[in-house]
Amino acid sequence: MRNTFLPFCPPQIGEEEIAEVVDALRSGWITTGPRTQQFETDFKDYVGAPAALAVSSGTAALHLALATLPVGPGDEVITTAHTFVATVNAIEHTGATPVLVDVEPDTLNMDPDLVAAAVTPRTRAIVPVHYAGHPVDMDPLYALAQHHGLSIVEDAAHAVSATYRDRRIGDCDNPVAWSFYATKNMTTAEGGMVTGPLEFIERARIASLHGMSKDAWKRFGKGGSWYWEVVTAGFKYNMPDVLAAIGLCQLRKLQGFQQRRAAIVAAYNSAFAGQEALELPVTRPDVGSAWHLYVLRLNLECLTIGRDQFVQELIARNIGVSVHWPPVHIQPYYAAKYGYQPLDFPVCYRNYERMLSLPLHAGLTDQDVADVIDAVRDVINKFRR
Ligand SMILES: *Cc1c(COP(=O)(O)O)cnc(C)c1O
């Protein structure tokens, strides 16, 4: 057993990030300015999006994208029960009603047939979430959106570098929300991005900064003018240059991070193949996963313990693990407001009961990976039924 604790997901910050942040701090410009602008350009080029707007979080990106469509009171927005609560909170913040659907048993992504069945005359938008980095089956959703005149806003918090039918997630004409939270495939400590059509991004840009017609860089920069007008009651969602500095460096390292993630996934997959007690993550043939998470599902009938104790046993063996996530519909706020029961979304709930996420990030050494594999095997051997 390893004698030091392996954290689930520490950020991968190197000397480059530290130097770039220090440069930003020394530059005389710390809030939104040239580094944020460069980060937007680099990011939009990486994902193949028409335009990009850096914001303060993935949650801000989701809320801003929905508010810019706009969606609001009286509208319904369809999303998945199997997501982080930020997706559904963002819909609530607009005043629209979130309508949850269950997931497909293999990918745990929203089931397009259930989305089709959930459309009503009030439906205004669909928010697919690319769970664990595996793209949602988008083509049926695009067909549905076109047929009913709906908008699509993707929650791509897990999906930077993912591909669907040979196109990067982000290389599309609808708004996409991204997160650079500390645990994501690339980070700015806290931060997010909205990508999408240029006209949409320009409207979102104004709404992201109080609704002012000019940002501070344009007001205080050389040749700028002090005068501005408020054209909408906007938000305060801009990303500062100090954090964009981290993002610029992370983006340059991203392809290397992704290769390491894929190698770790391959090592886990081959080590766990044939283990009766485990169900391994799937990748459909027409996608490339961003491998944000490595989610194991336990075949509980093969074990004398449940998921919670399995997690405890791994932690006792110094392996940091997590669960993504307790479903939205069992959260007290949503259960009370919409009257949900756990088995209203049975695929989501039954899989939640047996899932756990293993450490997966570019900083894991081969020894770390071997330690994780040994610990998982040891727990299975000890608690085999
Ligand atoms: C992390 C995450 C978010 C929120 O991103 P923040 O940057 O933490 O606000 C939204 N949706 C999903 C699926 C996430 O995993």
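So, a few notes on the structure that sits alongside this text. Quick caveat: nothing in here was measured; it's all calculated off a predicted structure.

## Some words on unusual backbone geometry
1) Next: Residue P70 is bonded to the preceding L69 through a cis peptide linkage, with omega at 0 degrees.
2) Next: Here P70 shows up in the loop between α3 (58-68) and β2 (76-80).
3) Next: A cis geometry characterises the amide bond from H324 onward to W325, with omega recorded as -5 degrees.
4) Next: Positionally, W325 belongs in the loop between α10 (307-316) and α11 (332-338).
5) Next: We note that L108 has phi near 60 degrees; this positive angle belongs to a residue other than glycine.
6) Next: The residue L108 is located in the loop between β3 (97-101) and α5 (112-118) in this model.

## What to know about the pairing of strand β14 (residues 355-358)
1) Next: Where burial is concerned, the two faces of β14 agree: the one with M355 and S357 and the one with L356 and L358 are both buried.
2) Next: The pairing of strand β13 (residues 294-298) with β14 spans four bridges and is antiparallel. Residue pairing in the sheet places Y294 in a bridge with L358 of β14.

## What to know about the pattern of salt bridges
1) Next: Inspection of the entire model under this criterion finds 22 salt bridges.
2) Next: The salt bridge partner of D139 is R165, with a shortest N-O separation of 2.5 Å. Placement of D139 in helix α6 (residues 138-148) and of R165 in the loop between β7 (163-164) and β8 (167-168) is noted, with a sequence separation of 26 residues between them.
3) Next: Note that D286 and R165 form a salt bridge whose closest N and O atoms lie 2.9 Å from each other. Linking D286 in the loop between β11 (278-279) and β12 (287-288) with R165 in the loop between β7 and β8, this pair joins segments that are 121 residues apart in sequence.
4) Next: Judged by its relative accessible area of 28%, D286 falls in the partly exposed class.
5) Next: R165 gets classed as partly exposed once you look at its relative accessible area, which sits at 41%.

## Some details on empty space enclosed by the protein
1) Next: Applying the stated rule across the entire model yields three cavities of 30 Å³ or more.
2) Next: In this structure, the largest cavity occupies an estimated 150 Å³ of space.
3) Next: As for the largest cavity, its lining consists of 14 residues, and the residues nearest its centre are T107, Y131, A132, P281 and V282.
4) Next: A class-by-class count of the residues in the lining of the largest cavity yields eight nonpolar, four polar and two charged.
5) Next: Formed jointly, the lining of the largest cavity draws a minimum of three residues from each of two domains, domain 1 (15-251) and domain 2 (254-382).
6) Next: Considering only enclosed or pocket space, the second largest cavity measures out at about 90 Å³ in volume.
7) Next: Looking at the second largest cavity, it is lined by 14 residues, and the ones nearest its centre are P10, Q12, K184, N185 and R261.
8) Next: Its residues placed into classes, the lining of the second largest cavity shows seven nonpolar, five polar and two charged.
9) Next: Counting only domains with at least three residues in the lining of the second largest cavity, you end up with domain 1 (15-251) and domain 2 (254-382).

Definitions and limits used
- Residues numbered from 1 in each chain as written.
- Predicted model: local features only at pLDDT ≥ 70, side-chain atom pairs only at ≥ 80, totals over all residues.
- Heavy atoms only, no water.
- Helix = DSSP H or I, 4+ residues; strand = E, 2+ residues; numbered from the N terminus.
- Buried < 20%, exposed > 50% of the residue type's maximum accessible area, 1.4 Å probe, protein only.
- Pairing = 2+ DSSP bridges.
- Salt bridge = Lys/Arg side-chain N within 4 Å of Asp/Glu carboxyl O.
- 1 Å grid on protein atoms, 1.4 Å probe; cavity = no way out; pocket = protein on both sides within 12 Å on 5 of 7 lines; lining within 4 Å.
- Points joined across faces, edges and corners; volume = space filled by probe spheres on them.
- Nonpolar A, V, L, I, M, F, W, Y, C, P; charged D, E, K, R; others polar.
- Domains from an automatic or database assignment.

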